[in-house]
Amino acid sequence: VQLQASGGGLVQAGGSLRLSCAASGRTASTYVMGWFRQVPGKEREFQAAISWSDGITYYEDSVKGRFTISRDIAKSTMFLQMNSLKPEDTAVFYCAATLEPKSGSVTNWKWYNYWGQGTQVTVSS
């Protein structure tokens, strides 16, 4: 599976961005896809995830009510609508996927097998 993230950019605090993650390859086997963010010197931090087959969503507490994860199965694309952005949201955002059910947590970046290249999100104050 290949993942291509896009949609990052520069936005003022309180603004919005919509990230996309287009998947190609063995997408029919997708189990869960997720979004993580990373700042220099820190591990990748879970933001949100979605179960591909039934659309069940998971969110990190700090983004609940501000971010919305969704997917378009026909287009093999996942989205992250980010509203009310804060300067502390500034990071490189990565999308990730795993194809098989397995033990572990969707919030753990090590649980995912495939990663996109990252897209920079910068929120100015």
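To start, this report covers the structure provided alongside it. (Residues numbered from 1 in each chain as written. Predicted model: local features only at pLDDT ≥ 70, side-chain atom pairs only at ≥ 80, totals over all residues. Heavy atoms only, no water.)

**Overview of the overall build of the protein**
And then number 1: Within the protein, the regular secondary structure consists of 0 helices and 11 strands.
And then number 2: Listing the helices and strands of the protein from first to last along the sequence gives β-β-β-β-β-β-β-β-β-β-β.
And then number 3: Radius of gyration (C-alpha) of the protein: 13 Å, near the 14 Å computed for a compact globule of 125 residues.
And then number 4: Seen through its principal axes, the protein has C-alpha atoms that stretch 40 × 30 × 25 Å.
And then number 5: Within the protein, the fraction of its 125 residues that count as buried is 42%.
And then number 6: Accessible area of the protein: about 6,200 Å², with a carbon and sulfur share of 48%.
And then number 7: Positive and negative side-chain charges of the protein, numbering 12 and 9 respectively, have mean locations separated by a distance of 3 Å. (Helix = DSSP H or I, 4+ residues; strand = E, 2+ residues; numbered from the N terminus. Rg over C-alpha atoms; globule rule 2.2 N^0.38 Å. Buried < 20%, exposed > 50% of the residue type's maximum accessible area, 1.4 Å probe, protein only. Areas by Shrake-Rupley, 256 points an atom, 1.4 Å probe, with all protein chains shown as cover. Lys, Arg positive; Asp, Glu negative; His and termini not counted. Charge placed at Lys NZ, Arg CZ, Asp CG, Glu CD.)

**Some thoughts on the sheet that holds strand β3 (residues 17-24)**
And then number 1: Sheet architecture is open: 4 strands sit in the order β1-β3-β8-β7, paired in antiparallel fashion. Two strands in the sheet have a free side with no partner beyond their single neighbour: β1 (2-6) and β7 (67-72). When strand polarity is set aside, the average angle formed by the axes of neighbouring strands in this sheet is 15 degrees.
And then number 2: Where β7 lies against strand β8 (residues 77-82), 6 bridges are found, and the strand directions are antiparallel. Bridge pairing in β8 places T68 opposite Q81. (Pairing = 2+ DSSP bridges. Axes fitted to C-alpha atoms, helices over the stretch in contact; angles between N-to-C directions.)

**Overview of the pattern of salt bridges**
Opposite charge on two side chains makes pairing possible when the charged atoms of those side chains draw close.
And then number 1: Tallied over the entire structure, the rule returns 4 salt bridges.
And then number 2: Between E45 and R37 there is a salt bridge; the shortest N-O distance is 3.0 Å.
And then number 3: Taking the relative accessible area as the measure of exposure, E45 reaches 34% and is therefore partly exposed.
And then number 4: Of the charged contacts in the structure, one is a salt bridge between D89 and R66, with a shortest N-O distance of 2.8 Å. Residue D89 is located in the loop between β8 and β9 (91-98), and its partner R66 is located in the loop between β6 (57-59) and β7; the two are separated by 23 residues in the primary sequence.
And then number 5: When its relative accessible area of 1% is taken as the criterion, D89 is described as buried.
And then number 6: For R66, a relative accessible area of 9% corresponds to the buried category.
And then number 7: In the salt-bridge network here, residues are joined through shared partners; they are R37, E45, R66 and D89. (Salt bridge = Lys/Arg side-chain N within 4 Å of Asp/Glu carboxyl O.)

**So, the nonpolar core**
And then number 1: Ranked by internal contacts, the top residues of the largest apolar core, which has 27 residues, are L3, M33, W35, M78, L80, M82 and F93.
And then number 2: Mapped onto this core, the elements with two or more residues apiece are β1, β3, β4 (32-38), β5 (45-51), β7, β8, β9 and β11 (119-124). (Core = buried A, V, L, I, M, F, W, Y, C linked by side-chain atoms within 4.5 Å.)

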